[in-house]
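Here are the chains, one letter per residue:
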Amino acid sequence: MILSGRGVTAVLGPTNTGKTHYAIERMIAHDSGVIGLPLRLLAREVYTRLVEKVGHHNVALITGEEKIAPHRARFSVCTVEAMPRETTASFVAIDEVQLAGDLERGHIFTDRILHLRGRGETLLLGAATMRPILEYLLPGITVVERPRMSQLLYAGSKKITRLPNRSAIVAFSADEVYAIAELIRRQRGGAAVVLGALSPRTRNAQVALYQEGDVDYLVATDAIGMGLNLDVDHVAFAQDRKFDGYQYRNLNPAELAQVAGRAGRHVRDGTFGVTGRVDPFDEELVHRIESHEFDPVRVLQWRSKALDFSSLKALKKSLEAAPAVSGLARALPAVDQQALEHLTRYPEIVDVATASERVEKLWEACALPDYRRITPAQHADLISTIYADLVRHGTVNEDFMAEQVRRADHTDGEIDTLSARIAQIRTWTYVSNRPGWLADPTHWQEKTREIEDRLSDALHERLTKRFVDRRTSVLMKRLRENAMLEAEISVNGDVFVEGHHVGQLAGFRFTLAAGSEGTDAKAVQGAAHKALALEFEARAARLHAAGNGDLALSSDGLVRWLGDPVARLTASDHVMRPRVILLADDQLQANAREHVLARIERFVNHHISTVLKPLDDISRAEDLEGLAKGLAFQIVENLGVLFRRDVAEDVKSLDQESRASIRRYGVRFGAYHIFLPALLKPAPAELITLLWALKNDGLDKPGYGELIPMLAAGRTSVVTDPSFERTFYKLAGFRFLGKRAVRIDILERLADLIRPLLQWKPGTSPRPEGAYDGRRFVATTSMLSILGATPDDMEEILKGLGYRADAVPAEEAAAFLASQNGDTAPAEEAGASVADAGVEAEAADAPAAETEAAADTAAATTPAAPASDDAAAPAEPEAPVEAKPVLLWRPGTRQDNQRQGGRQGEQRRGGQRHGQTEGREGGRRQAPHGKSQGKPWEGKPQEGKGSEGRPGGQRKDRGDRHDRNKSSPSKFEGRPPRKEKPIDPDSPFAKLAALKEQMKK
């Protein structure tokens, strides 16, 4: 036997880890799949969930008693026994694989684990105790362990009548279950009942009775331990011994944990304990259950699947074969093998089962489950009758079938009678679903299903009538006057006084429930507050010891512990260090209150320093000095983004060593911004927005939190909303540019595209795409692509950055470019090429809704090219369409209407002003990108030629090429100097100026 785990993944862990949910999500990611589950009830639940996701026509349900198989269904949900031996499906999953160690059914799970594989992916789901044996038997297997999503805590021993609401009481015999349910009915009003012998429909109805709140208690066998999704807060064991089919024995820790793990749901913690006559669990057992530490499964039950049907003797011998691999143990005879042993003693069976086909048919008949739990001999008699019909007539005698079904079709009687009839009809439901056993299987499938449903409904009605006393349930919720009231708090925060819900405890705040007023309200509140004082201390201890994963900071400024708000943030002197306000009632006092506050403050500081690590690092930098330290201070105060125009003088004054020291902290000196690129992500942007809103009372301002989803979606530019607070765009990493906002890092990429177009010198090198005359450029497809914008949007963005457009007729622009390129083509054809470039730029990366409009615009702007002799001439338009002018973009100046004279006069005075312009953003001037000719990106200032080749210009550092050279003479010499605004002494700029003056001295 050669086994391999290649392509197999074992997802292991305790209960409430989301393993089954993970398997469902993985299966629908494939084109086909099969999942096997240990119970028909679970198979039905998973089938329902898959139908909701992919539609009923894509999902098949196959169990021993039920078959729903739409034509060409892509996914199959089966019980493990009903899974195919081989499959071509892309995905295969087997749930609760630890049942491979079960003495009764383990060999079936083992067979599927070892041999059934999906083409693309195979998942084995189960307890972590399976890891060693799986790694041994399936070398190369990938094991993924998932932690439980909530804690499981031991609550000790309590009387049955003192158990908290939403409790499940577990026993291991029907008599004990019924006795406990009767006691709860008399004392607390009622309980739902779940046993493995109940039909799936009855079990679902009883679970719904509990889930919907008609009763607060569930009495069950260990049937609830196998994947039933219940809102159980506490599991109490009324028995810890069970009969496993062979002997009475104590449950091992792993089995106890499987049942106890039903307590708690998702991230809500649960508790477990004992009740009745069960001794309290010892400390070691409690520790193992709480920490999920159990002895590994050492052997798996195995039975050979290489069966020899040549004769009955050969079949029995092949069933007794021993495994050839260590780690596997030959399974004890199961129900089918026991039935075969009995049948081989019947002379009529031995006489008939001579050929291999008949031996195989006999083994198929032996697979009939023993739903009735009768003796092996009685079960063998029923199989003998069915087998005789199959051999003689090819199908089961329908008269015999009809008589058996008729006997079960009665809904009168008590609980035991109805349970026996359901077991009987389930037998015939199985027979009706076996291929080839009946002449008219569809009729009998519908008939038996209808009877089983009616019997299940009748049984549910009897159970409810017997174990749920509506009157007692209502009376027990009333408060008794002049009585000592006992208060209890459930694990989900519900506060009860004598079983009456009086309020909700969320975190450290108690809210009185509506309707709790009245003559007894004072007594109820007193009892509740007494219980809350102890609960607050216990919660404070748990919170103080809680990990950071249990705490979360939400966008509304609330700190939540396991989902409950425990504190809120408010502004402080430092934007990065908000103040924590504890949300707690007066019952939380003294040391407990201080411990809770200290723990929350540690979490908040850790969360901010982790999510905003680049900002935190630069705020704590000790190697920055002088102007570099001042600039870092401004970056922190502005939460990671500075407009370069605001600090142009400071940046210009930085030497290369200072620049390098700041860059080491991730700061980027861009054309328009000084910023930290690492903060342009959803999580940092959301936290930055929250910190600014706390500092500026912005939580209620329009637009708060609206831009983060756009950043998370990867949008490079967005349409602005005039109602939004404008600062929110900057905090989310966008630059507000009128009707559109562009992500900051994308603007820097735009600057990188524009720079070579303004640095190009005509005649010196091949003209880059978009360059015009070295002073102006045309918007290109690349620019539109990175911005995710249309040409109209591009105009708004460039204008917002301070660029101005010169409208030039298309023919003139084409002729000029033809002369620059040295083309000999006619000007009309060159004009057409310019217009075509505009069309491409307009269509590229434009939203789908705007593509058609862009095409229409392109058609309007493209001049008519000469018609080809080989092409059919289009119909003459009624009137000539005027070509749309070409927009040539240049850096704006203070006097755009006199830009040529102003630029030349400035060059004569030795000032290199070309490309150093000011735009506006929200009423403030900015220095847009670009010089007119190429300069080294790095380097010290040196003498050189001006922008038009004249002496007197200065070469600047790379980071300064977009800053206004304020030291050069102004070209507005005839104007009076502008009035200086008074400086706010408390602003960071005033503090930086004072620092510079001090350094000069």
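Here the structure is a predicted model, which means the values were calculated and not measured.

A. How the structure looks around the confidence of the model for the protein. Overall, the predicted model of the protein reaches an average pLDDT of 80, with 79% of residues at or above 70. Taken element by element, the protein is modelled with least confidence in helix H32 (residues 848-861), mean pLDDT 34, and with most confidence in strand E6 (residues 91-94), mean pLDDT 96. In the predicted structure, residues 471-484 sits below a pLDDT of 50 and forms 18 contacts with residues beyond four places in sequence or in another chain.

B. View of the sheet that holds strand E3 (residues 59-62). Spatial ordering of the open sheet is given by E4-E3-E5-E2-E6-E7-E1-E8, a layout of eight strands whose pairing is mixed. Edge positions in the open sheet fall to strand E4 (67-68) and strand E8 (142-145), since each of these has one partner strand only. Pairing geometry for strand E2 (residues 33-37) and strand E5 (residues 75-79), over five bridges, is parallel. By the bridge assignment, Val-34 is partnered in E5 with Ser-76. Along the sheet, helix H1 (residues 19-28) contacts strand E1 (8-12), E2, E5, E6 and strand E7 (121-126); its crossing angle with E7, the most-contacted strand, is approximately 170 degrees.

C. How the structure looks around the pattern of salt bridges. The final tally for this structure, using the stated rule, is 46 salt bridges. The salt bridge involving Arg-40 is made with Glu-66; its shortest N-O contact spans 3.9 Å. Residue Arg-40 is located in helix H2 (residues 40-54), and its partner Glu-66 is located in the loop between E3 and E4; the two are separated by 26 residues in the primary sequence. Pair check on accessibility: Arg-40 and Glu-66 agree, each one buried. A salt bridge links Arg-755 to Asp-752; its shortest N-O distance comes to 2.9 Å. Note that Arg-755 and Asp-752 are positioned in helix H27 (residues 744-759) at a spacing of three residues, about one turn of the helix. Here Arg-755 falls in the buried class, since its relative accessible area comes to 10%. For Asp-752, a relative accessible area of 37% translates into the label partly exposed. Each of Arg-40, Arg-44, Glu-66, Arg-449 and Glu-452 takes part in a single network of salt bridges with overlapping partners.

D. A look at the packing of helix H12 (residues 356-366) against helix H13 (residues 376-393). The contact between H12 and H13 brings their axes to 10 Å, and the two run at 140 degrees. The orientation of H12 relative to H13 falls into the category oblique. Handedness of the H12/H13 crossing: right-handed. Contacts from Arg-358, Val-359, Lys-361, Leu-362, Ala-365 and Cys-366 of H12 reach H13 at Ile-383, Tyr-387, Leu-390 and Val-391. Here the contact of H12 with H13 is built from residues that sort into eight nonpolar, no polar and two charged.

The rules we used
- Residues numbered from 1 in each chain as written.
- Predicted model: local features only at pLDDT ≥ 70, side-chain atom pairs only at ≥ 80, totals over all residues.
- Heavy atoms only, no water.
- pLDDT = per-residue confidence, 0-100.
- Helix = DSSP H or I, 4+ residues; strand = E, 2+ residues; numbered from the N terminus.
- Contact = heavy atoms within 4.5 Å.
- Pairing = 2+ DSSP bridges.
- Axes fitted to C-alpha atoms, helices over the stretch in contact; angles between N-to-C directions.
- Salt bridge = Lys/Arg side-chain N within 4 Å of Asp/Glu carboxyl O.
- Buried < 20%, exposed > 50% of the residue type's maximum accessible area, 1.4 Å probe, protein only.
- Parallel < 35°, antiparallel > 145°, perpendicular 65-115°, else oblique.
- Left-handed = near helix turned anticlockwise from the far one by under 90°.
- Nonpolar A, V, L, I, M, F, W, Y, C, P; charged D, E, K, R; others polar.

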